[in-house]
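# Examining the three-dimensional arrangement
So the chains spell out like this:
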Amino acid sequence: MIEIELDGKKVSVAEGSMVMHAADAAGTTIPHFCYHKKLSIAANCRMCLVDIEKAPKPMPACATPVTQGMVVRTKSDKAIKAQKSVMEFLLINHPLDCPICDQGGECQLQDLAVGYGGSASRYQEEKRVVFHKNVGPLISMQEMSRCIHCTRCVRFGQEMAGVMELGMQHRGEHSEITTFLGRTIDSELSGNMIDICPVGALTSKPFRYSARTWELSRRKSVSPHDSTGANLVVQVKGKQVLRVVPLENDDVNECWIADRDRFSYEALNSDQRLKTPMVKQGGQWVAVDWNTALGYVADGLKRIKAEHGVVGIGAVASAHRTVEELHLLAKLVRGLGSESIDTRTRHADFANTAAAGKARWLGTSIASLSSLDRAFVVGSFLRKDHPLFSLRIRQAVRKGGALLSLHAVQDDWAMPVAASITAAPSAWAQALADVAGYVATAKGVDAPAPALVSAEAEAIAQALLSGERKAVLLGNAAAQHPQATTLLALASWIAAQTGATVGYLGEAANSVGAQLVKALPGAGGLNAGQMLGQPMKALLLLDVEPPHDAADAAAAQAALAGSGLVVALTSFQDAAVPNADVLLPIAPFTETAGSFVNAEGRLQSFTGVVQPAGEARPAWKVLRVLANLLGLSGFQQETVDDVRAEALGDAAKLAMRLDNTSAAAIALPAATDGLQRLADVPIYATDALVRRAPSLQLTADAKLAPQASLPAALWQQLGLAAGDHVRVAQGGARAVLPARLDASLAANVVRVPAGLAETATLGAMFGAITVEKA
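In this text the structure is predicted, and so the values were computed from the model without any measurement.

## Section: the packing of aromatic side chains
Under the criterion given, the structure shown has three aromatic pairs. Between tryptophan 428 and phenylalanine 766 the ring centres are 6.5 Å apart and the planes differ by 75°, which places this aromatic pair in the edge-to-face class. With tryptophan 428 in helix H11 (residues 428–443) and phenylalanine 766 in the loop between strand S32 (749–751) and strand S33 (770–773), this pair connects stretches of sequence that are 338 residues apart. Accessibility classification places tryptophan 428 together with phenylalanine 766 in one group, the buried group. When the ring centre of phenylalanine 635 is taken as reference, the NZ or CZ atom of lysine 331 above it lies at 5.0 Å.

Put into structure tokens, the structure is as follows:
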């Protein structure tokens, strides 16, 4: 530690710190624009000039290292004069348009100009004008004349998003921030550039001119989209959500959020919101009151139970729903006598479960991902499935960590990959066995399974045998894989022998919570694959759209067509629920209170920020009333806190219930010939909200999604050219899609996304597939 004197006070900071860090530690505010605590130091705005004793001129606090005994004055005449001079230069070309600027009221330049700006400008020449740019549906660069060239946006792209989409061109007064060759900004983290812009140059295009910042009330919330559990501030005007920004939490999302966390709020204000219960009568939807709708459902369930028993009664729920809702749904189904309850809608191996009352999880803390020496990622579309986890691993790689990969495709993760194995999904287990074989040889122990010679596997094994902080991370594709149990067993063995942690990155906001509240089938119960693969006598669907959410979309639609009573609890009247008999309007996350348990097992609760739309009600209340109508006991909870306490018990003991151990015997599957499907769920097709957010659906990621990607050999074999279409088939299920060449795919793999209307006619996400030129 080094001690300096700052404005007459003694301050101790770590060696290598800058004066700005010492000021932060002392609670002293130094004006600045280009400095950001999460980004590298640029020192180009010069607003943080301070008076340092024995220095010949004012020095930038953000870029001046502390030295023992240094004397710093931030409020001396010399410092203030320097800061005011810098402000005068910054305002020379800045337009005087605060009254119409979306940043007005929360602008750093506006705030600092009050204290450091002059009452008049000495500059008489014409102000410069920067032509506006169209960079996509999310970020507005309409008023780039406001830009002060702090380069925060450029550095964010390079260092956090991993994609340098913005840069500075020209020199001097003619400098301007722009994209390269007129391209759009397509990063899945791009909205963070809006937050860190200190002026109104980069603003939110969906929010543009919707409200003034002082008109908005602010409420804390938690993202429902992925397993990070990003902390949010939801901003509301009247009864409408108008903006979502990050709430800083260094242990979870730092000060960043993904674009789907930020812009999915548009779906909350959609014209397709379901605002009243609907019952199908004579093939037509009829709006009814809650008593009629719930009475219809209760009578139907009682009749089916009396006539057919409980074997054909079940419920499938989305793991994006809250702990409280999943608990009450599971309790209701079990109250009827059925054990058929599940949330794993895209899984193929349902034997891969933790012990009763325990849950698979990340295996380490989210914050620790930023400091890993080795990260072995298995079966993950990392950058799109988990944008914020990818950001943290990118930080670890920038610090010297090594990223290792096993997958069927080499996607651009916007960071260097030290070693990788590219293999068809059916060969993943053998690939892990190969890595284990090299580890076993190095450790002098028996290998868990027969191994093959592989230079790629040897490179991964050697990397894992070095370093201190290591993790084996199983992605969504590994969790949904037909041999998920074997993959976990092999990954666990490798982790144990190399001193690494092992865990799942997590598919949804509440994947861990769903396991903890036992929203899984009990003895004799049907799993999600069975309930969505065969006709049911009665099926309750909580925020599930089977054509988009099922592992086998074609089978799910056929099953629903032959099912009896189908009840959809949903927020949208256009919900994709074939053969539904009842639509019950439930509140999305902004209109209800609840909790999520994120990938690291962190319980995070939130409250509703606006009133439910129309007659919509929180799902936990709907389920409680339905259970009362069914005459079930144990549904007298008055508040969401009562439900949470019943669902999870002592929250302080949740960590003791996180378990990735696997006692399964390792059996490698036989080699598979023929083409195999690799199905990812595109980033803006993961849940009901993002599917209905107009701005997200206009992004490059959304437009790219409905394609069939083919490896080079197959592309040549079929004689394809750019712009051609192919007919893909899985049994009797088929679709015609645009063809795309992807040379990084494994030789016998065809990548066809799931979760889309264009591919909802196809079969299993990891099934055999045939392709022919259309």
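## Observations concerning the sheet that holds strand S6 (residues 133–134)
Strand order in this open sheet of three strands is S6-S7-S10, and the pairing throughout is antiparallel. Edge positions in the open sheet fall to S6 and strand S10 (203–204), since each of these has one partner strand only. Of the strand pairs in this sheet, strand S7 (residues 139–141) and S10 are connected by two bridges, and their pairing is antiparallel. Within S10, the position partnered with serine 140 by the bridge is threonine 203.

## Examining unusual backbone geometry
One non-glycine residue, alanine 414, lies in positive phi territory at about 60°. Structurally, alanine 414 can be placed in the loop between strand S19 (402–407) and strand S20 (419–422). Accessibility expressed as a relative area gives 12% for alanine 414, which makes it buried. If you check the backbone angles, lysine 518 has positive phi at about 60° while not being a glycine. Its location among the elements puts lysine 518 in the loop between helix H15 (511–516) and helix H16 (528–531).

## Regarding the nonpolar core
By size, the foremost hydrophobic cluster in this structure holds 75 residues, and its most contacted members are Phe33, Met47, Ile139, Phe156, Val241 and Trp256. The contact partners of phenylalanine 156, leaving out residues within four places of it in the chain, are Leu39, Ala161, Leu189, Asn192, Met193, Ile196 and Trp256. Judged by nonpolar contacts, the second largest core, of 72 residues, contains Trp290, Val377, Ala599 and Val643.

## With respect to the packing of H11 against helix H14 (residues 484–498)
Where H11 meets H14, the axes come as close as 10 Å, and the angle between the chain directions of the two elements is 20°. Regarding the angle of H11 to H14, the classification is roughly parallel. Here H11 and H14 pass one another in a crossing that is left-handed. Mapping the contact onto sequence places Trp428, Ala429, Leu432, Ala433, Val435, Ala436, Val439, Ala440 and Lys443 in H11 and Thr486, Leu487, Leu490, Ala491, Trp493, Ile494, Gln497 and Thr498 in H14. Of the residues belonging to the contact of H11 with H14, the class tally is 13 nonpolar, three polar and one charged.

## Things to note about the domain arrangement of the protein
Interfaces are frequently sized by the accessible area removed from exposure as the parts join. In terms of domain boundaries, the protein breaks down into domain 1 (1–92), domain 2 (278–355 + 511–657), domain 3 (366–504) and domain 4 (676–773). One C-alpha centre belongs to domain 3, the other to domain 4, and the line joining them spans 25 Å. Contacts between domain 3 and domain 4 engage 19 residues on the former and 17 residues on the latter. Buried surface at the junction of domain 3 and domain 4, summed over both partners, amounts to about 1300 Å²; 65% is from carbon and sulfur atoms. Residues aspartate 411 and arginine 751 are paired through a salt bridge, measuring 2.8 Å at the closest nitrogen-oxygen approach. Linking domain 3 to domain 4 there are five residue pairs in polar contact (both at pLDDT 80 or more).

## Some remarks on the pairing of strand S21 (residues 470–474)
Successive side chains on a regular strand alternate, one facing one side of the sheet and the next facing the other. The element S21 is extensively covered by neighbouring structure, given that five of its five residues are classed as buried. Along S21, one buried face is formed by Lys470, Val472 and Leu474 and the opposite face, lined by Ala471 and Leu473, is buried too. When strand S18 (residues 374–378) meets S21, the two strands line up parallel, connected through five bridges. What sits directly across from arginine 374, in S21, is lysine 470. Taken together, the four bridges between S21 and strand S22 (residues 501–504) define a ladder with parallel strand orientation.

## What to know about helix H20 (residues 640–648)
One full turn of an α-helix is made of 3.6 residues, so residues set three or four places apart face in the same direction. Inspection of H20 places Val640, Val643, Arg644, Ala647 and Leu648 among the buried residues, and these make up the whole buried set. Mapping the buried residues of H20 onto a view down its axis gives an arc of 105°, with all of them on the same face. Elements in contact with the buried residues of H20: helix H8 (323–335), H15, strand S26 (594–597), strand S27 (603–606) and helix H19 (619–629). Remark: glycine 649 follows H20 within two positions and exhibits a positive phi of approximately 70°.

## Observations regarding the pattern of salt bridges
Scanning the entire structure with this criterion turns up 42 salt bridges. Across the pair glutamate 88 and arginine 122 runs a salt bridge whose closest N-O atoms are separated by 2.7 Å. Note that glutamate 88 is positioned in helix H2 (residues 77–92) and arginine 122 in the loop between helix H3 (108–116) and S6, a separation of 34 residues in sequence. Judged by its relative accessible area of 31%, glutamate 88 is partly exposed. Of the residues examined, arginine 122 reaches a relative accessible area of 66% and is grouped as exposed. A salt bridge links arginine 262 to aspartate 195, with the shortest nitrogen-to-oxygen separation between them at 2.6 Å. Separated by 67 residues along the polypeptide, arginine 262 in helix H6 (residues 259–263) and aspartate 195 in helix H5 (residues 192–196) bring together distant segments of the chain. Several salt bridges share partner residues, and in doing so they unite Arg346, Glu545, Asp549, Asp574, Arg691 and Arg692 into one network.

## Details of the sheet that holds strand S13 (residues 240–246)
The antiparallel open sheet is built from three strands, whose spatial order is S11-S12-S13. The open sheet terminates on both sides in strands that have one partner only, identified here as strand S11 (217–222) and S13. Strand-to-strand twist in this sheet, taken as the mean axis angle between neighbours without regard to direction, amounts to 30°.

Reading guide: rules and limits
Once a new chain begins, its residue numbering starts again from 1 and follows that chain's sequence as written. Since the coordinates come from a predicted model, pLDDT governs what is reported: local features require at least 70, and pairs of side-chain atoms require 80 or more to be given and counted, while whole-chain, interface and lining totals use all residues. Note that water and hydrogens are dropped before the side-chain values are worked out from all heavy atoms of the structure. Under the pairing criterion, centres of Phe, Tyr and Trp rings, with the six-membered ring standing for Trp, must be within 6.5 Å; the plane angle then separates stacked pairs below 30 degrees from edge-to-face pairs above 60, leaving the rest tilted. For helices the rule is a DSSP run of H or I covering at least 4 residues; for strands it is a run of E covering at least 2, with both sets numbered from the N terminus onward. Exposure is judged per residue with a 1.4 Å probe applied to protein chains only, and the accessible area is read against the type maximum: over 50% gives exposed, under 20% gives buried, and values in between give partly exposed. By definition, being over a ring means that NZ of Lys or CZ of Arg is both within 6 Å of the ring centre and within 35 degrees of the ring normal. We treat two strands as partners when DSSP finds at least two bridges between them. In this text, buried Ala, Val, Leu, Ile, Met, Phe, Trp, Tyr and Cys residues form a nonpolar core when linked through side-chain atoms within 4.5 Å. Residue contacts are counted whenever heavy atoms from the two residues lie within 4.5 Å of one another. Angular values range over 0 to 180 degrees, each being the angle between N-to-C directions of two axes fitted as lines to C-alpha atoms, with helices fitted over their stretch in contact. Should an angle fall under 35 degrees it is called roughly parallel, over 145 degrees roughly antiparallel, and 65 to 115 degrees roughly perpendicular, with every other angle called oblique. By convention the crossing between two helices is left-handed if the near helix lies anticlockwise of the far one by an angle smaller than a right angle, and right-handed if it lies clockwise. Each residue is assigned to one class: nonpolar for Ala, Val, Leu, Ile, Met, Phe, Trp, Tyr, Cys and Pro, charged for Asp, Glu, Lys and Arg, and polar for all the others, Gly among them. Marked domain ranges trace back to an automatic or database domain assignment. When two parts are brought into contact, each loses some accessible area as probed by a 1.4 Å sphere; the total of that loss over both is the buried area. Any Lys or Arg side-chain nitrogen located within 4 Å of an Asp or Glu carboxyl oxygen qualifies as a salt bridge. Counted as a polar contact is a pair of N or O atoms within 3.5 Å, where, for protein atoms, one must be capable of donating a hydrogen and the other of accepting one, and residues adjacent in sequence contribute only when both atoms are in side chains. Starting at the helix axis, one direction is taken to each C-beta atom, and the arc is that of these directions.

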